[in-house]
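# Architecture at a glance
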Amino acid sequence: MFLNFLNLVFLDSAFPVIFILVLFAVLNYRQIPLNSIFRFILIFFLITLLFRVLFYMHMDAKYNARYLYTLTLFFIIFSVIGFSEMGEFLQKYISKKIPVLTITRIKIFLILIIGVSCIGKALSSPDYKSYLKEIIQIIRNSEKKTLLIFDETKDCARIAYHAGVECFTFESILDKDLKSLDYALSTIERKGIKTFVLVEKSDNDFKNFFKERKTRFPLKLIKEFKEKHICFSLYEYDVDYDSKLIY
Amino acid sequence: MDFIHILKNIAKNKAASLILIVLLGIVLRIIRAIEMNRYDVDCYIYFNMAINWANYGANYTYSNCLQTIPPLLPFLMSLGYKLGIQPEITGIFFGIMLGSLIPFCMFYIVKTLLKRADLALLAAFFGAIHPSLVRISVRCLRDSLYIPLIAIALVCAVAAIKNRSVVKWSLFSFVVTLACFARYEGYEFIIIFLIWVFVEIVIKFVGKHNHPFAITHSPATIIDIKYYSCSLFFVLAIFLSLNLFVYYSFSLCQNRYTSPFFSIVNSIIDSIFTK
């Protein structure tokens, strides 16, 4: 359970390179002045960490790494103490073998390595949830002005907001058994309101959902979007299906 | 002149190095803001709140949107919206501006703590390029205001401890309260402050006399007692009065930490006046 928490602290809050420097600072604890300022910063770290752990234990939803970013300030302050220690440590083992590498040069190389890795990480992977962009583009480029979503998830609501369409949940206009979905959709479509249907499920799962309830499936798949464990399926009303209906 | 000499010469001029580091931080944040897509979690809630706030005021906003969201970010966005700027742009602007203050904060804290300017510059450099801090700065989230405000609060605390200044503790209280209105986790800082005062008093008096109640009337002890009690009073007074102001200004905003406390106070006052 705490492995995930420690992973977030190590990878996101501290960042591995900075964390290694903090470990060296722990080894070099004699350099840390035990004055009032240090005590304040230490209490800040301990109390913040304590509250984050308690929050983590009592939270049902996904725990975001950004909740731990206040600890980053602490890690940065103490990583610099480890920096000089790490330079001396490397000097002991490297300078004997390669005399050209003096302590100053080792420190400059260290700064360059840390800088490149941090800037690389900071600017990499800009496409955060790239499927959102794709779905929003598809909805924006069409003339349809309504989005029907299966569950009221945050992702769906934000897609509707950025695509500039009105969004309704299934539950708000239909019964829970979905028996009236085909009728409701065909009525909406005949009024001239073109509707998308968005579900946070794979296409197969959503079709099985209808099969289990012995309900007809009046939708046509536009595209299935997958990224890591998240899967979205975007549908529109099947026009051919409408002609088969008898009222 | 080789590369290392150039770096050494730059590092000799501390002020110029610090400005260069801060500029690097701003540039990184702007690049990140340009390349990143804007479809961030929760931000549409803040956009809606900001537009409602600008058009109809705070009470309408809190009666129609999520009442548990602290007011600072929607308020700043609504100010921008009144000037004709998109809420999204205002949010990112404040994120970048406050985020680029983090290197200054790191520089000051490390310089005061370790008394070494070279290590302070290194801390400023880490503050400018740390991936988590760069990434959070350009997102339209409450965290992009909260983390720099916490850094500024730390600076105020360090300055107050260094100079034994009650005015700086008051400034600390003001910044912490602003941080509380960005994210409610800011209330932890008041607990941190109270624990710190307790620890300091114990260390000062127990260390001196071996007995906590054996306080002598020496001038130094009296100055210490005055300093801690004044700091405590000002920090709590500013903190409570600002919270009370926000509680009455945005009565529909449900602050899960202070609302229960203030509602009890309110009911007591009501019961006294109705009698």
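That block above? That's the structure.
What counts and what doesn't
- Residues numbered from 1 in each chain as written.
- Chains lettered and ligands numbered in written order.
- Predicted model: local features only at pLDDT ≥ 70, side-chain atom pairs only at ≥ 80, totals over all residues.
- Heavy atoms only, no water.
- Phe/Tyr/Trp six-rings, centres within 6.5 Å; stacked < 30°, edge-to-face > 60°.
- Helix = DSSP H or I, 4+ residues; strand = E, 2+ residues; numbered from the N terminus.
- Buried < 20%, exposed > 50% of the residue type's maximum accessible area, 1.4 Å probe, protein only.
- Lys NZ or Arg CZ within 6 Å of the ring centre and 35° of its normal.
- Contact = heavy atoms within 4.5 Å.
- Buried area = accessible area lost by both parts, 1.4 Å probe.
- Salt bridge = Lys/Arg side-chain N within 4 Å of Asp/Glu carboxyl O.
- Pairing = 2+ DSSP bridges.
- Axes fitted to C-alpha atoms, helices over the stretch in contact; angles between N-to-C directions.
- Disulfide = S-S within 2.5 Å.
- Expected span 1.5 Å × (residues − 1).
- Core = buried A, V, L, I, M, F, W, Y, C linked by side-chain atoms within 4.5 Å.
- Patch = residues over 30% accessible without salt bridge, like charges linked within 9 Å, V, L, I, M, F, W, Y side chains within 5 Å.
- Areas by Shrake-Rupley, 256 points an atom, 1.4 Å probe, with all protein chains shown as cover.

### Considerations on the packing of aromatic side chains
This model, assessed by the stated rule, comprises 40 aromatic pairs over all chains. Relative to Tyr-56 of chain A, the ring of Phe-5 of chain A has its centre 5.1 Å away and its plane inclined at 55°; by these criteria the two rings are tilted. With a gap of 51 residues between them, Phe-5 of chain A in helix H1 (residues 2-14) and Tyr-56 of chain A in helix H3 (residues 36-57) connect regions that are remote in the sequence. For Phe-5 of chain A, a relative accessible area of 3% puts it in the buried group. Chaining the aromatic ring pairs together yields one cluster made of Phe-40 and Phe-44 of chain A together with Trp-169, Phe-172, Phe-189, Phe-193, Trp-196, Tyr-227 and Tyr-228 of chain B. We note Arg-164 of chain B situated over the ring of Tyr-227 of chain B; from NZ or CZ to the ring centre the distance is 4.4 Å.

### Structural notes on unusual backbone geometry
Even without being glycine, Phe-15 of chain A reaches a positive phi, approximately 75°. Judged by its relative accessible area of 8%, Phe-15 of chain A falls in the buried class.

### A look at the interface of chain B and chain A
With 67 residues of chain B at the contact, the number on the chain A side is 62 residues. Taken over both partners, the interface formed by chain B and chain A buries close to 5900 Å², and the fraction arising from carbon and sulfur atoms is 74%. By the criterion of area lost to chain A, the three top residues of chain B are Tyr-39, Leu-113 and Phe-126 of chain B, representing 14% of everything that side buries. Summed over the shared surface of chain B and chain A, the result is 3 salt bridges.

### Here we look at the pattern of salt bridges
A complete count under the given rule lists 10 salt bridges over all chains for this structure. Here Arg-39 of chain A ties to Glu-200 of chain B by a salt bridge, and the two come within 2.6 Å at their closest N and O atoms. Placement of the pair is Arg-39 of chain A in helix H3 and Glu-200 of chain B in helix H12 (residues 188-209), with the two residues belonging to separate chains. When its relative accessible area of 1% is taken as the criterion, Glu-200 of chain B is described as buried. In this structure, Arg-52 of chain A and Glu-188 of chain B form a salt bridge, with 2.6 Å as the shortest nitrogen-oxygen distance. Placement of the pair is Arg-52 of chain A in helix H3 and Glu-188 of chain B in helix H12, with the two residues belonging to separate chains. A single burial state applies to Arg-52 of chain A and to Glu-188 of chain B, both of which are buried.

### Comments concerning the environment of Ile-94 of chain A
Residues and elements named next belong to chain A. Here Ile-94 shows up in helix H4 (residues 69-94). The exposure class assigned to Ile-94 is partly exposed, which follows from its relative accessible area of 27%. Through-space distance from the C-alpha of Ile-94 to that of Ile-106 is 9.0 Å; in sequence the pair is 12 residues apart.

### Quick word on the pairing of strand E1 (residues 146-149) of chain A
All names here are of chain A. Both faces of E1 are covered, namely the face carrying Thr-146 and Leu-148 and the face carrying Leu-147 and Ile-149. The pairing of E1 with strand E3 (residues 195-199) spans 4 bridges and is classified as parallel. The residue bridging Thr-146 from the neighbouring strand is Thr-195, located in E3.

### Overview of the sheet that holds E1 of chain A
Residue and element names in this part refer to chain A. Taken in spatial order, the 5 strands of this open sheet run E2-E1-E3-E5-E4, and their pairing is mixed. The strands lining the two open edges of the sheet, one partner per strand, are strand E2 (166-169) and strand E4 (219-227). Each strand axis lies, on average, 25° off the axis of its neighbour in the sheet, ignoring direction.

### Notes on the state of the cysteines
This structure, assessed with the given rule, holds 0 disulfides over all chains. We note that Cys-140 of chain B lacks a disulfide partner, and the nearest cysteine sulfur, in Cys-43 of chain B, lies 5.8 Å from it.

### Things to note about helix H6 (residues 87-99) of chain B
Residues and elements named next belong to chain B. Between its terminal C-alpha atoms H6 stretches 18 Å, which fits the 18 Å expected from 13 residues at 1.5 Å a residue. Within H6, the full set of buried residues consists of Pro-87, Glu-88, Thr-90, Gly-91, Ile-92, Gly-95, Ile-96, Leu-98 and Gly-99. Of the surrounding secondary structure, the elements contacted by the buried residues of H6 are helix H2 (14-35), helix H3 (43-56), helix H5 (72-82), helix H7 (102-114), helix H9 (131-137) and helix H10 (143-163).

### Re the nonpolar core
Phe-40 of chain A together with Trp-169, Phe-172, Phe-189 and Trp-196 of chain B are the most contacted members of the largest nonpolar core, which has 127 residues in total. Counting residues per element, this core draws most heavily on H10 of chain B, which supplies 14 residues. Every residue in contact with Phe-40 of chain A, bar those within four places of it in the chain, is listed here: Leu-154, Ala-157, Ile-161, Trp-169, Phe-172, Phe-189, Ile-192, Phe-193 and Trp-196 of chain B. By size, the runner-up hydrophobic cluster in this structure holds 18 residues, among which are Leu-132, Ile-139, Leu-198 and Phe-232 of chain A.

### So, a nonpolar patch on the surface
Residue and element names in this part refer to chain B. A grouping of Leu-194, Leu-236, Leu-240, Phe-261, Ile-264, Val-265, Ile-268, Ile-269, Ile-272 and Phe-273 is seen on the molecular surface, where their side chains present a nonpolar patch of about 910 Å² in accessible area. Elements that contribute at least two residues to the nonpolar patch include exactly helix H13 (219-249) and helix H14 (258-274). The greatest single-element share of the nonpolar patch, amounting to 7 residues, is contributed by H14. By the secondary structure assignment, Val-265 is in helix H14. Classification of Val-265 as partly exposed rests on a relative accessible area of 31%.

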